[in-house]
Amino acid sequence: VESSTTLHTQVMRPQAYGALVVVVVSISLGLIFKLPEQWFYTEFSSTPQPQGTAEQRPEPNAEKDGIQKDSVQYQCNTNSSESVTSMWQCRGWLYTPTRELSLQNKANQFPLIIMAHGIAATKDQGLESFALQFAKNGFMVLVFDYLHFGESDGVPRQRLNPMQHVMDYRSTIKYGQSLENVDRSRIALWGTSYAGGHVLVTASQEKSNVKAVISQMPFLGALPSENPLDELKKRGYLNVLKCLVGAVSSVLRQQFGMPPLYSRIYGHIGDGSKLALNYWENFDGSDKKWLAKHPAQRPNDWRNAVSTDSLLQMMKYKPHQHIQDIDTTSTKVLVVKAKHDLMCPNYRMDYVIRNLQCESHTEDTTHFGMYTGQTFTSVIKVQIEFFKKHLRPKHTMKVLD
C-alpha cells in the first residue's frame, strides 16, 4: 500500500506542477495584456487628435511666388524583414525656385535642403514656413514624412524608431541625388528637436554626401557626465515603470496579432487621461505654442500618440555618440539653441558645439517658440545666410527679371 501511495504521489506531482505553471503563466499574461489597458490606448483610432490653430496657407504659385511645389514619393528602406516594406514609400513636398536662380551651377542645378520634423511630428506642422523661405532664396527643398507617420506608408501607424528615421533621411538623400536639377555635391540636412539629432547621425554616416547641416534645438541623449537617474526622476519613476510595462505588453500583443498599445506624446499632469511620454508642466508649461504650428484642418491621420513599444528603441538613442564621425572639413554644422529650452537642454548642445567646433546661434525663446512670430523671422535669416555661405556654387547665374 505504501509503495502504491508513493507511486501515485510521484505521478501526480508533475501534473500539479504543470497546472501551477499554467496558472502562473495565465495570470502573468493577463496582467501583461490587461493591466496596461488602464494606462494606454488599445486602438490608434481612439487616441486624441487635438485641434491645431494655424491658418491654412495658400499653395505657392510658380509665377506669383517664384516657387513650384510638387508632391513626391519614393522608396524608403527599412530594417524590417516584412516583405511588404520593400514597397513602402516616403512622401514629401518638393519646392523648386522658378525666379531666384542665383544658386544654380553651370548645369542649372540647385543645392537641395532635406527637412523633417521632430518627435512624432509631420511635415505640415510648421515646416512649410521654413521651406518657403529657403526656396524663395534659391534653394530646392524637400520636406518629408517618416515611415509610419503623416502621408508616408508604414504600419502600425506612428511607431517611432529613431534609427528608422535616420534611414529615411538617407533614403531621401538617395532620392535627391537622382533628381536631374539637384547638384549632388550640395545637399544639406535640416532637422528640429528629435530630428535635430537625426541630422547629426545621418551626417556621420553619409560623410561627404552631406555638405551642410542645421541642427535646431536637437535631442542628443544624456551625456556621459550625467546621472541617468535624473531623467527618470524628472519623468517620474512610476510613470517610467508603467511605460516600460506598456512597451513590453505592446510587443507581445503584436506577436498575437493584436494592435499595439498607444501612449500620448504630450499631456498635462493630472488631466485624467491616459499616460503621456511628456508632460507640459515639466517643460514649457503650455500646449498653446505647440498647437500654433499645427494646421486647423489636418491633411493626414496624425494623432497625439506613439506606440508604446517605440520606447524600447527611444531609450537606446543617443545622437551625441555619433558626432565624432562627422567630418567637419567637408560637412559644416550650425546648432541652433532656444535660450529657455527645458525639453532639450542647452548644455548638451554646448557639448556638441565644443566637440565639433561648429557654428551656433541662440534665440531668446522656448522649445516651441521657434516656429512662429518674431523668433521665426529672426532665426530664418540666420539659417538662410548659413546655407548660402556653404552651398554657393563655384559659378553663379543671374537672377531672372
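J.: Before we go on, may I ask you to explain the state of the cysteines in this structure?
T.: What is meant by a disulfide is a covalent connection between two cysteines, made through their sulfur atoms. For the structure on display, the rule yields one disulfide. One disulfide bridge connects Cys 76 with Cys 90, the sulfur atoms lying 2.2 Å from each other. Residues Cys 76 and Cys 90 are joined by a disulfide whose S-S torsion is about -125 degrees; by sign, that bridge is left-handed. Highlighted residues: Cys 76 in the loop between β1 (67-75) and β2 (89-97) and Cys 90 in strand β2, separated in sequence by 14 residues. Given the relative accessible area of 0%, Cys 90 is considered buried.

J.: Sorry if this is basic, but what is going on with a nonpolar patch on the surface here?
T.: Residues Leu 229, Leu 232 and Tyr 237 make up a contiguous nonpolar surface patch of about 280 Å² in total accessible area. Checked against the element boundaries, Tyr 237 lands in helix α6 (residues 237-255). A relative accessible area of 49% means that Tyr 237 is categorised as partly exposed.

J.: I'm lost on the environment of Asp 70 in this one. Help?
T.: Position of Asp 70 relative to the elements: it lies in strand β1. Linking Asp 70 and Leu 94, residues 24 residues apart in sequence, is a C-alpha distance of 5.1 Å. Look past the residues within four positions of Asp 70 in its chain and what remains in contact with it is Gly 92, Trp 93 and Leu 94. In this structure the side chain of Asp 70 is engaged in a polar contact, spanning 3.3 Å, whose partner is the side chain of Gln 68.

J.: Teacher, can you tell me more about the environment of Ser 129 here?
T.: Here Ser 129 is to be found in helix α2 (residues 128-136). Taking the C-alpha atoms as reference, Ser 129 lies 8.6 Å from Thr 372; in sequence the two are 243 residues apart. Here Ser 129 is in contact with Arg 57 and Phe 376, once residues within four sequence places are set aside.

J.: In this structure, what is going on with the sheet that holds strand β9 (residues 306-307)? I would like to understand it.
T.: Pairing between sheet strands relies on hydrogen bonds along the backbone, with the strands arranged either parallel or antiparallel. Here we have three strands laid out as an open sheet, ordered β8-β7-β9, and mixed in their pairing. Here the strands that pair on one side only, and so sit at the sheet edges, are β8 (276-279) and β9. In this structure, strand β7 (residues 262-267) lies alongside β8, joined through three bridges in parallel fashion. The partner of Arg 264 across the bridge, within β8, is Ala 276.

J.: Whenever I open this one, the pairing of strand β10 (residues 332-338) confuses me. Can you help?
T.: Successive residues of a regular strand alternate their side chains across the two faces of the sheet. Counting buried residues along β10, six of its seven residues qualify, which places the element largely inside the surrounding structure. Where β10 meets strand β11 (residues 359-363), five bridges bridge the pair, whose relative direction is parallel. Following the sheet pairing, Leu 334 is matched in β11 by Glu 359. For the handedness criterion, the β-α-β arrangement of β10, helix α9 (residues 346-356) and β11 is classed as right-handed.

J.: Looking at this structure, I do not really get helix α4 (residues 194-206). What am I missing?
T.: In an α-helix, one turn spans 3.6 residues, which is why side chains three or four residues apart end up on the same side. Its 13 residues place the ends of α4 19 Å apart at the C-alpha level, agreeing with the 18 Å of an ideal helix rising 1.5 Å per residue. For α4, a buried count of 12 out of 13 residues is recorded, marking the element as mostly surrounded by other parts of the structure. Turning to α4, its buried residues are Tyr 194, Ala 195, Gly 196, Gly 197, His 198, Val 199, Leu 200, Val 201, Thr 202, Ala 203, Ser 204 and Glu 206. Positioned one or two residues after α4, Lys 207 has a phi angle of 50 degrees, which is positive.

J.: Is there a simple way to explain the pattern of salt bridges in this structure?
T.: Side-chain pairs of opposite charge can arise whenever the charged atoms involved come near each other. Tallied over the full model, the rule gives 16 salt bridges. Glu 59 is paired through a salt bridge with Lys 69; the nearest N and O atoms lie 3.2 Å apart. Remark: Lys 69 occurs in strand β1 and Glu 59 occurs in the loop between α1 (2-34) and β1; sequence separation between them is 10 residues.

J.: Just to check I follow, could you spell out the packing of α2 against helix α10 (residues 373-391) for this structure?
T.: What describes two packed helices is the angle between their axes and the distance between those same axes. Where α2 contacts α10, the two axes come as close as 10 Å, and the packing angle between them is 45 degrees. Between α2 and α10, the angle is such that the two are oblique. Seen from above, α2 lies across α10 with right-handed handedness. For the pair α2 and α10, contact is made by Ser 129, Phe 130, Gln 133 and Phe 134 and by Phe 376, Val 379, Ile 380, Gln 383, Ile 384 and Phe 387, respectively. Residues belonging to the contact of α2 with α10 are distributed by class as follows: seven nonpolar, three polar and no charged.

J.: Help me out: how do you make sense of the sheet that holds β11 in this one?
T.: The strand order β1-β2-β4-β3-β5-β6-β10-β11 describes an open sheet built from eight strands, whose pairing is mixed. Each end of this open sheet is capped by a strand with a single partner; those strands are β1 and β11. Strand-to-strand, the axes of this sheet are offset by a mean angle of 20 degrees, without reference to chain direction. Here strand β3 (residues 110-116) runs beside strand β5 (residues 182-192); their pairing, made up of six bridges, is parallel. Each bridged residue has a counterpart across the sheet, and for Leu 112 the counterpart in β5 is Ile 187. With respect to the sheet, helix α3 (residues 162-177) is in contact with β1, β2, β3, β4 (140-144) and β5, its orientation differing from that of β5 by roughly 150 degrees.

So, how was this worked out
- Numbering of residues starts from 1 in each chain and follows the order in which that chain's sequence is written.
- With pLDDT at 70 or above as the cut-off, local features in this predicted model cover only qualifying residues; side-chain atom pairs require 80 or more to be listed or tallied, and sums for whole chains, interfaces and linings still use all residues.
- Excluded from the side-chain calculations are hydrogens and water; all other atoms, namely the structure's heavy atoms, are used.
- Any pair of cysteine sulfurs within 2.5 Å is marked as a disulfide.
- Helix and strand definitions follow DSSP, with helices as H or I runs of at least four residues and strands as E runs of at least two, each counted in order from the N terminus.
- Remark: exposure states derive from per-residue accessible area (1.4 Å probe, protein chains only) relative to the maximum for the residue type, with buried under 20%, exposed over 50%, and partly exposed in between.
- Like charges are joined within 9 Å and nonpolar side chains (Val, Leu, Ile, Met, Phe, Trp, Tyr) within 5 Å, but only among residues with over 30% relative accessible area and no salt bridge; these make up the patches.
- Residue-level accessible areas treat just the shown protein chains as cover; the underlying method is Shrake-Rupley with a 1.4 Å probe.
- The term salt bridge refers to a pairing of a side-chain nitrogen on Lys or Arg with a carboxyl oxygen on Asp or Glu at a separation within 4 Å.
- The criterion used for residue contact is that any of the two residues' heavy atoms lie within 4.5 Å.
- Identification of polar contacts relies on pairs of N or O atoms within 3.5 Å, with a donor-acceptor requirement for protein atoms, meaning one able to donate a hydrogen and the other able to accept it, and with residues adjacent in sequence counted only if both atoms are side-chain atoms.
- DSSP calls a pair of strands paired once it identifies at least 2 bridges connecting them.
- Think of it like this: strands point away, you trace from the first strand over the helix to the second, and a clockwise trace means the crossover is right-handed.
- Given the number of residues in a helix, its expected span is that number minus one, multiplied by 1.5 Å.
- For helices, the fitted axis covers only the stretch in contact; all axes are lines through C-alpha atoms, and the angles between them, taken along N-to-C directions, range from 0 to 180 degrees.
- Our angle categories are set so that under 35 degrees counts as roughly parallel, over 145 as roughly antiparallel, 65 to 115 as roughly perpendicular, and the remainder as oblique.
- The sense of a crossing depends on the near helix, which, turned anticlockwise from the far helix by less than a right angle, makes the crossing left-handed and, turned clockwise, makes it right-handed.
- Each residue receives one of three labels: charged for Asp, Glu, Lys and Arg, nonpolar for Ala, Val, Leu, Ile, Met, Phe, Trp, Tyr, Cys and Pro, and polar for the others, Gly being one of them.

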